[in-house]
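Inside the fold
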Amino acid sequence: MSKCAEVVIIGGGVIGCAAAYYLAKEGVSVIVLEKTDNIGNGASSRNGGGVRQSGRDPRELPLAMYGIRNLWPTLSEELGVNVEYHKEGNLRLGKTEHHMEILQGLTDRATACGLDVRMIDGKEVREINPYLSDEVIGASWCPTDGHANPLKTTLGFYKRARELGAKFYSGETVLEIKKIKGKARQVITDHDIYEGEHIILACGYESRAIAATVGIDIPMRKELIEALVTEAEPKMFAQMLGTADADFYGHQTEHGSFVFGGASGMEDVNKDNGMQATSSLTAPCICRGIMKYIPKLADAKIVRTWGGYEDICTDGVPVISKIDEVPGLIIACAFTGHGFGIAPTVGLLLSQLAMEKETVLDLSALRYDRFKAVI
Ligand SMILES: Cc1cc2nc3c(=O)[nH]c(=O)nc-3n(C[C@H](O)[C@H](O)[C@H](O)COP(=O)(O)OP(=O)(O)OC[C@H]3O[C@@H](n4cnc5c(N)ncnc54)[C@H](O)[C@@H]3O)c2cc1C
């Protein structure tokens, strides 16, 4: 078993798998280390599949726009897996004047960055999606947003990366990164030692503890988010939906199920020994909220619910960065609940950082040292 590669990636989520694919495609040798027995077991197989540019911070918006223009449209063909990508728009819904002010602010910031997104009234909302309730008084509308299947996307990157020679080791819990002669070089797991010229740390919230082993702190916290899927329903609409209140989001999948995520309003009450937890009440609470937006789904049957952790950065955007103090180390984490839509772009950028090439986008706003106090 070879334990050395040009690049060792920690974390077998969509970010690690995408980076592995773009590196392997360039002929770079790659090892991916995943703690659990399953690739994509973290947020990557649990998310809502939103591939959106609207509602993003201007610092990460270019990554979303790049992916939608250049990577998502051909991804299924490129990976040999139907990732179920649909570019049929995103409606971010508002029910109150306060919601409309929030949406206006998001829209103004996005149009200033060159995104095609605009405010529409309730009538136009229902022309685009006739299933939405009369409570919706308006929305922001971004016609180039969309959604994809997160399980298939993660699987696609994994499968193609393997076909191109990347090696994946599951059941390997990374404990520590070790410097040799001042440079990140070794990755110590509970079973073995792996070595690489470059190390990419991409294991969601758990990146924080691993980065700390080489003296780097990324200020983020983890947050439990819940999601659910319905039985297959007749085809109703193709857009991705979200709300100004961020109380629910979701879409109808290719085979007819609706995948929704949402807030139950019980997040501060459901605690187990101080940790966030779920209860039998959370899914019904989320459903009640959704039914107010889409009354037609009142009889839809929920077949499964699940939870997943988001890695919430203190300033709301990810860290995608080389680390000056630890040459050879690249960190990609703190995606703050919206890393899936930008995963192809992030994978490409990480491959370019690891190959010491110029990146297709400027990453200075997403550096790890932006949190340092300015004296
Ligand atoms: C319910 C939910 C809904 C979401 N909806 C959306 C959405 O609609 N659109 C969107 O863009 N984003 C969404 N997100 C966010 C998105 O899922 C994440 O940003 C994205 O999946 C991050 O990918 P990742 O590879 O960084 O992390 P993960 O998928 O969490 O992968 C990290 C991997 O690292 C592994 N790992 C952890 N510790 C170690 C260790 N010590 N050693 C080795 N491996 C380790 C984990 O097991 C895991 O497999 C949502 C997230 C959740 C939870």
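Note that the structure is predicted; figures quoted are calculated from it, not measured. As a convention, each chain's residues are numbered from 1 in the sequence order in which they are written. Two thresholds apply to this predicted model, a pLDDT of at least 70 for residue-level local features and 80 or more for giving and counting side-chain atom pairs, whereas whole-chain, interface and lining totals are computed over all residues. Heavy atoms from the whole structure form the basis of all side-chain values; hydrogens and water molecules are not counted.

1. Thoughts on the packing of helix 1 (residues 14–25) against helix 6 (residues 150–163)
Geometry of a packed helix pair, given as the angle between the helix axes and the separation of the axes. It is the contact of helix 1 with helix 6, at a shortest axis distance of 8 Å, that shows an interaxial angle of 35°. In terms of crossing hand, the pair formed by helix 1 and helix 6 is left-handed. Seen from helix 1, the contacting residues are Val14, Cys17, Ala18, Ala20, Tyr21, Tyr22 and Ala24; seen from helix 6, they are Thr153, Thr154, Phe157, Tyr158, Arg160 and Ala161. Across the contact of helix 1 with helix 6, the residue classes break down as ten nonpolar, two polar and one charged. Where helices are involved, their axes are fitted lines through C-alpha atoms of the stretch in contact, as for all axes, and angles between N-to-C directions lie from 0 to 180°. Secondary structure is summarised from DSSP: a helix means a run of H or I of at least four residues, a strand means a run of E of at least two, and numbering begins at the N terminus for each. Should the near helix be turned anticlockwise from the far one by less than a right angle, the crossing is termed left-handed; should it be turned clockwise, right-handed. It only takes one pair of heavy atoms within 4.5 Å for two residues to be counted as in contact. Residue type decides the class: Asp, Glu, Lys and Arg count as charged, Ala, Val, Leu, Ile, Met, Phe, Trp, Tyr, Cys and Pro as nonpolar, and the leftover types, Gly among them, as polar.

2. Topic: the nonpolar core
Counting residues in each nonpolar core, the largest one holds 50 residues, and the members touching the most others are Ile9, Ile15, Trp72, Phe157, Ile200 and Leu350. Listed by contribution, the elements that provide at least two residues to this core are strand 1 (4–10), helix 1, strand 2 (30–34), helix 2 (61–70), helix 3 (75–79), helix 6, strand 20 (329–333) and helix 9 (343–354). With ten residues, helix 1 is the single largest residue contributor to this core. Setting aside chain neighbours within four positions, we find Ile200 in contact with Val7, Val8, Ile9, Ile10, Ala19, Leu23, Ile330, Leu350 and Ala354. Residues belong to one nonpolar core when they are buried, are Ala, Val, Leu, Ile, Met, Phe, Trp, Tyr or Cys, and are joined through side-chain atoms within 4.5 Å. When accessible area is computed with a 1.4 Å probe and restricted to protein chains, residues below 20% of their type maximum are described as buried, those above 50% as exposed, and intermediate ones as partly exposed. The next biggest cluster of nonpolar side chains, apart from the first, holds 29 residues, and it includes Ala5, Ile177, Val214 and Met220.

3. Focus on the pairing of strand 14 (residues 248–252)
Burial within strand 14 is extensive, with four of its five residues counted as buried. What makes two strands pair is DSSP finding at least two bridges between them. Note that strand 14 and strand 15 (residues 258–262) share five bridges and pair antiparallel. Bridging from a neighbouring strand, Gly250 pairs with Phe260 of strand 15. Taking the residues that link successive antiparallel strands as the turn, the strand 14-strand 15 hairpin has five residues, and the phi of Gly256 there is positive, at about 115°.

4. Things to note about the domain arrangement of the protein
The split of the chain into domains comes from an automatic or database domain assignment. Each assigned domain of the protein is listed with its residue range as follows: domain 1 (3–48 + 151–219 + 315–371) and domain 2 (90–143 + 221–313). Using only C-alpha atoms to locate each centre, domain 1 and domain 2 end up separated by 30 Å. Each partner contributes residues to the interface: domain 1 has 16 residues there, and domain 2 has 15 residues. Its largest share of buried area at the contact with domain 2, domain 1 owes to Arg46, Gly48 and Tyr205, together 50% of the area lost on that side. One side-chain nitrogen of Lys or Arg within 4 Å of one carboxyl oxygen of Asp or Glu is enough to make a salt bridge. One can count zero salt bridges joining domain 1 with domain 2. Buried surface area refers to the total accessible area, computed with a probe of radius 1.4 Å, that the two partners give up upon joining, counted for both partners together.

5. Details of the site of the ligand
Nearness is defined per residue: one heavy atom within 4 Å of the molecule or strand is enough. Surveying the vicinity of the ligand reveals 37 residues, the closest of which are Glu34, Ser44, Gly50, Val174 and Gly341. A distance of 2.7 Å is found between an oxygen atom of the ligand and a side-chain nitrogen or oxygen belonging to Glu34. Elements with a contribution of two residues or more to the shell around the ligand: helix 1, strand 2 and strand 18 (302–313). No other element matches the three residues that strand 18 contributes to the shell around the ligand. Residues of the shell around the ligand, tallied by class, amount to 13 nonpolar, 17 polar and seven charged. Think of a polar contact as two N or O atoms within 3.5 Å of one another; within protein, one of them needs to be a possible hydrogen donor and the other a possible acceptor, and neighboring residues in sequence only count if both atoms come from side chains.

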